[in-house]
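The lines below spell out each chain.
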Amino acid sequence: MEKPLLSPLLSIKDLRVSFRIDGQYYNAVDHVSLDVMPNEVFAIVGESGSGKSALALSIPRLHNMNYTRLHGNIFYDEKDLLVLRENQLNQIRGAHISMIFQDPLTSLNPLIKVGPQIEESLTYHTSMGKAEKKARALLLLDQVGIKNPPITYGSFPHELSGGMRQRAVIAVALACKPSLIIADEPTTALDVTIQAQILDLLRSLQKETKSSIILITHDLGVVAEMADRVAVMYAGQIVEIAPALKLFKEPHHPYTRSLLASIPHGDTVSKRLNAIKGIVPSLKYIPRTGCRFSHRTPWIPAERHQEEPKYHQVGQDHMVLCTCYKDFFFEEVRS
């Protein structure tokens, strides 16, 4: 008898996220579909402006809906998050899906001590008493590597270092043992040494709790250390998706190859670093037809691009958008 296939923990179908600019709506996330499996670290990478955070914030519906439109489906536990009422969604936020934001200083309330901020979701989602909640908060602070949990419990966010604040934010996210954690650039505001500590912490906690993590980042070094699978985003689209080891070993899309070629290596110390020509177009000026990366690849003949780019399977669990990936070499990126 065949072993049943594992069902996705989260399934995004044809998601479009549009923002209002000068009275018109423009898609920052354009027809994106992906699955996140249980106990998986799924990374989404790309330059600033690629749509990574817009995608991440759509999952728990944290956008300001006064100027944002969401279309498509986001299925979690057989529920479409995009059609739930606010009170239904609040039962999921924090308890089942939590978020680690980019800047811990702005994501923590400066007027409330750290301990009560960790206890807030426990108050909302559990029937724990005061002593139980405090014990849980102290345990979480210990689990995230805080050396003196009682002191941090009674401290205000501004009294902590950047690394300690990020650990506190992780403790808040883990309070109710969620099955999905969205980490939006969780190490960007930290120095390199603390970044490594936070990544080690996330990795060990993920293995311990068996939670899935959606890791939003532009740092391919972080992806190499953490991710099981990777989606590469450019101008609102996923241009390539593959297991992490396969993506680093056999990148196909010219954008993925360009990103990897721009990483400095030990043998490139004396060489000029590669830079991707041009920039990600602003939201109003993203081309809505053809290959969106074509204007940054002058070495690829126009006929290599599809007028209506479609996904092509280039290996097991490995998809790439557009035919411009064919006959493409790193040497051309560096020229």
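Here, every reference points to the structure presented above.
Residues numbered from 1 in each chain as written. Predicted model: local features only at pLDDT ≥ 70, side-chain atom pairs only at ≥ 80, totals over all residues. Heavy atoms only, no water.

Q: An account of the side chain of D184 is needed here, citing residue identities and associated values.
A: Its place among the elements puts D184 in strand β7 (residues 180-184). Nearest to the buried, unbridged D184 among oppositely charged side chains is K52, at 7.0 Å. Discounting residues that sit within four places of it in the chain, D184 has contacts with S53, M99, I100, F101, Q102 and I216. (Helix = DSSP H or I, 4+ residues; strand = E, 2+ residues; numbered from the N terminus. Buried < 20%, exposed > 50% of the residue type's maximum accessible area, 1.4 Å probe, protein only. Lys, Arg positive; Asp, Glu negative; His and termini not counted. Salt bridge = Lys/Arg side-chain N within 4 Å of Asp/Glu carboxyl O. Contact = heavy atoms within 4.5 Å.)

Q: How would you sum up the packing of helix α4 (residues 114-125) against helix α7 (residues 162-174)? Please name residues and give values.
A: At a minimum axis distance of 8 Å, the contact between α4 and α7 shows a crossing angle of 25 degrees. Taken together, the axes of α4 and α7 are roughly parallel relative to one another. For α4 against α7, the interelement crossing comes out right-handed. Of the residues in α7, those touching α4 at V114, Q117, I118 and S121 are A168, A171 and V172. By residue class, the composition of the contact of α4 with α7 is five nonpolar, two polar and no charged. (Axes fitted to C-alpha atoms, helices over the stretch in contact; angles between N-to-C directions. Parallel < 35°, antiparallel > 145°, perpendicular 65-115°, else oblique. Left-handed = near helix turned anticlockwise from the far one by under 90°. Nonpolar A, V, L, I, M, F, W, Y, C, P; charged D, E, K, R; others polar.)

Q: Provide a residue-level description of the environment of V222, including the pertinent values.
A: Structurally, V222 can be placed in helix α9 (residues 220-226). Considering only alpha carbons, one finds V222 and A261, 39 residues apart in sequence, at a separation of 16 Å. Here V222 is in contact with T187, L199, L215 and T217, once residues within four sequence places are set aside.

Q: Explain the sheet that holds strand β1 (residues 10-21) residue by residue, including any values.
A: With respect to topology, four strands assemble into an open sheet ordered β2-β1-β4-β5, the strand pairing being antiparallel. The open sheet terminates on both sides in strands that have one partner only, identified here as β2 (24-36) and β5 (79-80). Relative to β2, β1 runs antiparallel, the two being bridged by nine bridges. In the sheet register, R20 faces β2, and the bridge partner there is Y25. (Pairing = 2+ DSSP bridges.)

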